[in-house]
Amino acid sequence: MNAVDGSDHYSKTSDEPPPSLLTIILDTNPNAWALLSPTLPLSAAIANLLVFINAHLAFNNANKVAIIASHTQRAEFLYPLPAHEISPHINGSNTHNGDVEMADGDEPTVAEETSTDDANHYRPFRQIQSTLLTSLSTLLKTTSPTSLTPTTSIAGALTLALTYINRCTLNASTTSPNPTTTTPSDNALNPDTAPPPLHPRILILSVSGDLAHQYIPIMNTIFACQRLSIPIDIAKISGDTVFLQQASDATHGTYIKLEHPRGLLQYLMMGFLPDQSCRGFLVAPTAVGVDFRAACFCHRRVVDVGFVCSICLSIFCSPPEGAICLTCGTHLQLGEYGEKPAVVAKKKKKKRDMVDGKAKEATVRSRPG
Amino acid sequence: MADTDDEYVQDISDDEVEAHQVTRGAGGGSRATGQGLRGGGWEVTRTWENVVEGADGTINSTVEGLLEAGKRKRLLKDTTPLQRGIIRHLLLVLDLSTAMSEKDLRPTRYLLTLRYTTAFITEFFEQNPISQLGIIGTRDGLALTISPLSGNPNDHIANVQKLHDQEPKGQPSLQNALDMARAALFHAPTHTTREVLILFGSLISSDPGDVHITISALVKSHIAVQIIGLAAQVAICQTLANRTNPSLPLSQTYTVALNEQHYRDLFMRATTPPTTPQSTKEGNGVQSSLLMMGFPSRIVDPSPTLCACHSRPTRGGYLCSRCSSKVCSLPTQCPACGLTLILSTHLARSYHHLFPLRNWKEVSWAKASVSKQTCCFGCQMPFLDRSTNNHRRQSSGAGGQNHDRIALGMTRGQTKTPKIVPKTQSAASKDGVSESGRYECETCGRFFCIDCDVFAHEVVHNCPGCQSREGILQAQAHGALDIGEMEGLEESQNS
Ligand SMILES: [Zn+2]
Ligand SMILES: [Zn+2]
Ligand SMILES: [Zn+2]
Ligand SMILES: [Zn+2]
Ligand SMILES: [Zn+2]
Ligand SMILES: [Zn+2]
């Protein structure tokens, strides 16, 4: 057996696709849901979501799910919950190389023994359902009226999702047959070194708009997802968000604006159920146009032509007063603002000729020794 | 240089042979580091003495501590917000002379440089998406263009791949390479940086004229030259780095790579945009100006239309925000009206240089036991408590002052060739590992595990706690948050 065959064979040893981790970010802004309640009340949306989660879990025994609430002012895990719930969850990831008997034999769940009466309910499904409903009602109960804003902390939820995905990826890679000694950032920088032990993806159920205030943190998370090749899927139920569209476009996720919010389950099952390994074979629903506008740093206004500080790349909607950059305090040369920064060297040909000429000259002059 | 012998081991007893780290350079004579370290003679680290058995009789606990120290070491970097030249023009000069066929860096200096260059190109455009890169090679006393100045990483990588078919030969010429770089950077706009990065494996330079005249010309055109040496310090490189970077210490501009990993670190360091001094008007060449840019939206036409850039019929494309001509790809310049068209994600890639996430503090056991936080806020991994972690703490405490050295021993263990101990790096990792395994963000007071610490600082550049705490949105809604944060950071850094 020669080396090429050996390596080729080795890389294909695991014939089943890696399990996928679906991280759902649920926008729980009470204002927005109140507006939506005639067509799609939150309870109905949660019920639809649970069906979708069950379908995802049923796809592969090792599939995992995490649900994060992006509330008006904070982001919180809804499932899994910290401390006692997390340990069976991590154990569950260890068993994906084993077989079926591990699924219910290996989970020392002690907390969720209250609703054992329903014998027809598959246990993992029930566990998620009860945890999700409990934590969601806790979240809504602890919301004070003063913290109600029309926006939602999507940046926090995305950051939490990413740190959680990072943890799960690390756990999965240490249990895989060839553990890599590299750190997570090494994996991030060279995603091609090893086959991914886990297919993570993020799904955002978005109902509120006005995210311009979190422009920088959102962009940071988008960029991180891009590097880690984690697609961000968006189910846009209501509201208008320029940046989420960019997020899904930059990370090759799916963006669907729900025309009929009542049919949420249909959208979820058709548009968002397939994971990365399936998507290669399917024609994904694509957004026709993508709004790539940016938010200015001075008024958080969304602009399509902006003025950019060459030092710190802050975007302004108009030349700042006194020609002083509001972010870095540099005095900017205003007179030049219409001038073109050289992004693509148009006169490349000419320049190269000149450089070559220089080289030839150098050749003539150069005498080693 | 032929007598530089990696495998050469003096007659020491067999069981000690593999543990000894043999420094090189007694034969070559002149291998020294940029920090003034001399790698003369033998240097031995007794890494085995630092490994302490845990209570269970294994060394797992020590190894874990070492891994954590290693992760943390790379993390603790300066988070002072600085002005950086983010729109860059960088020319990479590759030494293609016979000196590059030396095998002291595996597999050879030449092949390793080509491999790292490919990685560098990718990383450079990740970090500096609106910058320009060019590659110049020098051999046989000549300078040649490997890849002309452009913003397309794929072109550069393809051009560098072609070098694999060639052999390094002849002698390098610093002067010719620098002259060519100066000519290529001549047209760079004033608001961009002008940089040259030289990878110099040779100890000589075969120049047609007085290289000092070239250096003076470089200084006059505000071109900053950085050099990574592969063999030993060379006086002319030192002069070159000093004169073209008057405000920077030599250790940042001219360094000799000690081993493969160090070489890579030095090389990748150049992907971070350089800091620019506050006085931008005189002195250095970077001038600040306000650039008008368009953030176009993507469209998909029902039927193909001609694009303005190639006059090819396409369906998808981007419409210029000013004149609505259709272009195929971004970033580019509108062929009709000249407006720079970019994606805001391109700009956003640089924001973490401007608004860096502050380093998180180690949490002591005293503090950790008082706090109610029992698991990492980011990933929910439960923290170890004091009792279960006792044996680990003891072992790491015993090796506390030495773990930096062990960590280095380990990294060197991965690469098989003998290396010089980089002492300056060990100073940075003296502290940094938290005894309780918790790291606290001082802004939001949340505790995080080491993995989240590394991940948040190196990949996401957001603090999960700060982004999801109550009140953050109100603060942001009042606008000027970034300015406030920047000032706050600066104050705390100064105090
Ligand atoms: Zn504005
Ligand atoms: Zn600025
Ligand atoms: Zn075109
Ligand atoms: Zn135009
Ligand atoms: Zn963590
Ligand atoms: Zn924080």
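Since we're looking at a predicted model, the values are computed, not measured.

1. Some remarks on the overall build of chain B
Inference 1: For chain B, the helix and strand inventory stands at 19 helices and 15 strands.
Inference 2: Every one of the 495 residues in chain B was classed for burial, and the buried ones make up 54%.
Inference 3: Within chain B, contacts between residues at least 6 apart in sequence are counted, and of these 69% link residues at least 24 apart.
Inference 4: Approximately 20,300 Å² of chain B is accessible, and the part contributed by carbon and sulfur atoms is 51%.

2. What to know about the coordination of the zinc ion (ligand 4)
All names here are of chain B.
Inference 1: Listed as protein donors to the zinc ion (ligand 4) are Cys 320 (SG), Cys 323 (SG), Cys 334 (SG) and Cys 337 (SG); their distances from the metal cover 2.2 to 2.3 Å.
Inference 2: Viewed at the metal, the four donor atoms of the zinc ion (ligand 4) are separated by angles of 102 to 116°, and the geometry they form is tetrahedral.
Inference 3: When the donors of the zinc ion (ligand 4) are listed by position in the chain, the intervening gaps give C-x2-C-x10-C-x2-C. A residue pair is termed long-range when its members are at least 10 positions apart, and Cys 320 in the loop between strand E9 (313-319) and strand E10 (326-327) and Cys 337 in the loop between strand E11 (332-333) and strand E12 (340-341) qualify at 17 residues.

3. Quick word on the sheet that holds strand E7 (residues 290-294) of chain B
Inference 1: A sheet is described by the order of its strands in space; here five strands give the open sequence E10(A)-E9(A)-E7(B)-E12(B)-E11(B), paired in mixed fashion. At either end of the open sheet lies a strand with only one pairing partner, and these are strand E10 (315-316) of chain A together with E11 of chain B.
Inference 2: Direction of pairing for E11(B) relative to E12(B): antiparallel, over a ladder of two bridges. In the strand pairing of E12(B), Gln333(B) is matched with Thr340(B).

4. Some thoughts on the UniProt feature "domain: C2H2-type" (unreviewed entry) in chain B
Inference 1: Within the UniProt annotation, "domain: C2H2-type" (unreviewed entry) is assigned to residues 439-461 of chain B.
Inference 2: For residues 439-461 of chain B, the end-to-end C-alpha separation is 15 Å, with 48% helix and 17% strand making up the annotated structure.

5. Thoughts on the pattern of salt bridges
Inference 1: If you walk through the whole model with that rule in mind, you get 11 salt bridges over all chains.
Inference 2: With a shortest N-O distance of 3.6 Å, Lys361(B) and Glu442(B) are connected by a salt bridge. Remark: Glu442(B) occurs in the loop between strand E14 (439-440) and strand E15 (447-448) and Lys361(B) occurs in strand E13 (residues 361-362); sequence separation between them is 81 residues.
Inference 3: Judged by its relative accessible area of 44%, Glu442(B) falls in the partly exposed class.
Inference 4: Linked through salt bridges whose partners overlap, the residues forming this network are Arg201(A), Asp233(A) and Arg279(A).

6. Comments concerning the environment of Val305(A)
Inference 1: Inspection of the secondary structure assignment puts Val305(A) in strand E9 (residues 305-309).
Inference 2: Classification of Val305(A) as buried rests on a relative accessible area of 18%.
Inference 3: Val305(A) sits 13 residues away from Ser318(A) along the chain, and the two C-alpha atoms are 9.2 Å apart.
Inference 4: In this structure Val305(A) touches Met292(B), Met293(B), Gly294(B), Ser321(B) and Leu339(B), once residues within four positions along its chain are discounted.

7. As for the pairing of strand E4 (residues 199-206) of chain A
All names here are of chain A.
Inference 1: The buried count for E4 comes to eight of eight residues, which makes it a mostly enclosed element.
Inference 2: Judged by which residues are buried, E4 turns out to be covered on both faces: His 199, Arg 201, Leu 203 and Leu 205 on one side and Pro 200, Ile 202, Ile 204 and Ser 206 on the other are all buried.
Inference 3: Bridge count between strand E1 (residues 20-27) and E4: seven bridges; the pairing is parallel. Considered in E4, the bridge of Ile 25 is made with Ile 204.
Inference 4: Where E4 lies against strand E5 (residues 232-236), five bridges are found, and the strand directions are parallel. Its bridge partner being in E5, Ile 204 is matched across the sheet by Ile 234.

8. Looking at the coordination of the zinc ion (ligand 3)
Ideal coordination angles are 109.5 degrees for a metal with four donors arranged tetrahedrally and 90 or 180 degrees for a metal with six donors arranged octahedrally.
Residues and elements named next belong to chain B.
Inference 1: All of the protein donors around the zinc ion (ligand 3) are Cys 307 (SG), Cys 309 (SG), His 310 (ND1) and Cys 328 (SG); their distances to the metal are 1.8 to 2.3 Å.
Inference 2: One way to put it: the four donor atoms around the zinc ion (ligand 3) meet at angles of 101 to 124°, and that makes the site tetrahedral.
Inference 3: Sequence spacing of the donor residues for the zinc ion (ligand 3), all on one chain, is C-x1-C-H-x17-C. On the criterion of sequence distance, the pair formed by Cys 309 in the loop between strand E8 (297-306) and E9 and Cys 328 in the loop between E10 and E11 is long-range, its members being 19 residues apart.

Definitions and cut-offs
Residues numbered from 1 in each chain as written. Chains lettered and ligands numbered in written order. Predicted model: local features only at pLDDT ≥ 70, side-chain atom pairs only at ≥ 80, totals over all residues. Heavy atoms only, no water. Helix = DSSP H or I, 4+ residues; strand = E, 2+ residues; numbered from the N terminus. Buried < 20%, exposed > 50% of the residue type's maximum accessible area, 1.4 Å probe, protein only. Contact = heavy atoms within 4.5 Å. Areas by Shrake-Rupley, 256 points an atom, 1.4 Å probe, with all protein chains shown as cover. Donors = N, O, S within 2.8 Å, 3.2 Å for Na, K, Ca; no water. Tetrahedral: all angles 85-135°; square planar, octahedral: opposite > 155°, others 65-115°. Pairing = 2+ DSSP bridges. UniProt positions renumbered as here; feature names shortened; annotations may be inferred. Salt bridge = Lys/Arg side-chain N within 4 Å of Asp/Glu carboxyl O.

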